[in-house]
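Spelled out from the first residue to the last, the chains are:
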Amino acid sequence: MFGKRVDGRQVHEVEPFQRIVPYIMRTRTDSMNMFEESIPCAGMDNYVNMRRAQGEQITYLHVMIAALVRLVALRPQLNRFVMRGRIYTRPKIWVSFVVHQNLRSDAAGTTIKLCFEGTEDIQEICKEINAAILKETTQKSESNSTDKLAGLIMSIPGPLIRLVVNTLMFMDRHNVLPKSVIDASPFHTSLFITNLRSLGINHIFHHVYEFGTTGLFIAIGKEKNEPAFNGTQLVIEKRMGFGLVTDERFCDGLYFARSLKILKKFLNNPSLLEVPLEHKIEDVR
């Protein structure tokens with residue numbers, strides 16, 4: 001109520017034009033910008049192979065998440081969201097992604113949401129990701145908080161489900177959604193990432209959800225061999241494509257474009273992420 005939320009604080013130091021944009025573009029689907037990029041895989045391949053030779057479990061997904069966490073820590077406007085025309089910034093960095101127990105079955109996956117301070121190095125992030133994936137992909141008797149929340153809503157009689165969901169969305173818009181629901185919701189996150197590479201398909205442009213606060217959605221696709229110039233020589237290079245969908249209301253295109261260049265730098269040389277960040281850059285106050 002009155003601009004206060006449990007998952008963020010309102011940003012007042014915003015230029016007048018940027019402040020009025022959320023009142024003009026009222027929904028995330030009305031405000032989506034889509035970026036498409038492909039990066040050489042050589043840097044990630046070398047790093048992943050080196051870490052695997054040391055007995056560590058690491059994939060492109062680990063590198064991507066670590067790079068994104070570091071990027072948001074350095075570019076704090078990426079950790080903002082819009083609610084009822086107001087711009088908020090998050091105190092920490094949340095990452096949501098889906099894992100499947102078995103890719104050979106058609107069973108739905110489980111969504112994981114992890115919280116980071118932003119100062120972690122890539123080793124710390126990999127350990128946390130692996131622990132969460134192991135917990136969710138092994139046979140277990142208990143569901144995680146996200147599955148429990150979904151199960152609770154779906155246990156309600158059919159005609160009332162829409163009413164309950166609409167009530168939750170109303171409470172979210174008016175800043176009275178309970179912290180327990182926000183903590184369990186994968187849609188209240190700094191960024192959502194989907195690994196379509198593991199399914200063997202190309203990247204897509206995934207919509208950002210109207211429920212929750214997701215402002216960044218990244219989809220990783222399978223690698224392709226593409227022609228590229230190495231100096232003056234034409235070579236065939238393995239590249240990985242990804243699609244990024246953003247909510248443009250909380251920062252402008254120039255900020256996103258410069259952030260994308262930094263992300264590419266980390267993905268081309270993941271060893272840069274081995275050094276912990278002394279402190280993340282705080283948003284304006």
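Residues numbered from 1 in each chain as written. Predicted model: local features only at pLDDT ≥ 70, side-chain atom pairs only at ≥ 80, totals over all residues. Heavy atoms only, no water.

**Remarks on the packing of aromatic side chains**
Reasoning step 1: According to the stated counting rule, one finds 8 aromatic pairs in the structure shown.
Reasoning step 2: Ring plane angle 10° and centroid distance 5.3 Å describe the contact between Phe-81 and Tyr-88, whose orientation is recorded as stacked.
Reasoning step 3: Overall, the relative accessible area of 1% leaves Phe-81 in the buried class.
Reasoning step 4: For the ring pair Phe-192 and Tyr-209, a centre distance of 5.8 Å and an interplane angle of 55° mean the geometry is tilted. With Phe-192 in strand S7 (residues 191-195) and Tyr-209 in the loop between S7 and strand S8 (216-230), the pair connects residues that are 17 residues apart, well separated along the chain. Each member of the pair, Phe-192 as well as Tyr-209, carries the same accessibility label: buried.
Reasoning step 5: Aromatic rings pair up to connect Phe-187, Phe-192, Tyr-209, Phe-211 and Phe-217 into one cluster.
Reasoning step 6: Residue placement shows Arg-5 over the ring face of Tyr-88; its charged tip is 6.0 Å from the ring centre. (Phe/Tyr/Trp six-rings, centres within 6.5 Å; stacked < 30°, edge-to-face > 60°. Buried < 20%, exposed > 50% of the residue type's maximum accessible area, 1.4 Å probe, protein only. Helix = DSSP H or I, 4+ residues; strand = E, 2+ residues; numbered from the N terminus. Lys NZ or Arg CZ within 6 Å of the ring centre and 35° of its normal.)

**Thoughts on the confidence of the model for the protein**
Reasoning step 1: Taken as a whole, the protein shows an average pLDDT of 89; of its residues, 94% reach a score of 70 or greater.
Reasoning step 2: Per-residue pLDDT, averaged within each element of the protein, yields its smallest value for helix H5 (residues 145-154) (78) and its largest for helix H3 (residues 60-74) (96). (pLDDT = per-residue confidence, 0-100.)

**Thoughts on unusual backbone geometry**
Reasoning step 1: If you check the backbone angles, Arg-84 has positive phi at about 55° while not being a glycine.
Reasoning step 2: Following the sequence through the fold, Arg-84 ends up in the loop between strand S3 (80-83) and strand S4 (86-89).
Reasoning step 3: In this structure, Asn-175 takes a positive phi of about 65° despite not being glycine.
Reasoning step 4: Positionally, Asn-175 belongs in the loop between helix H6 (158-173) and helix H7 (179-184).

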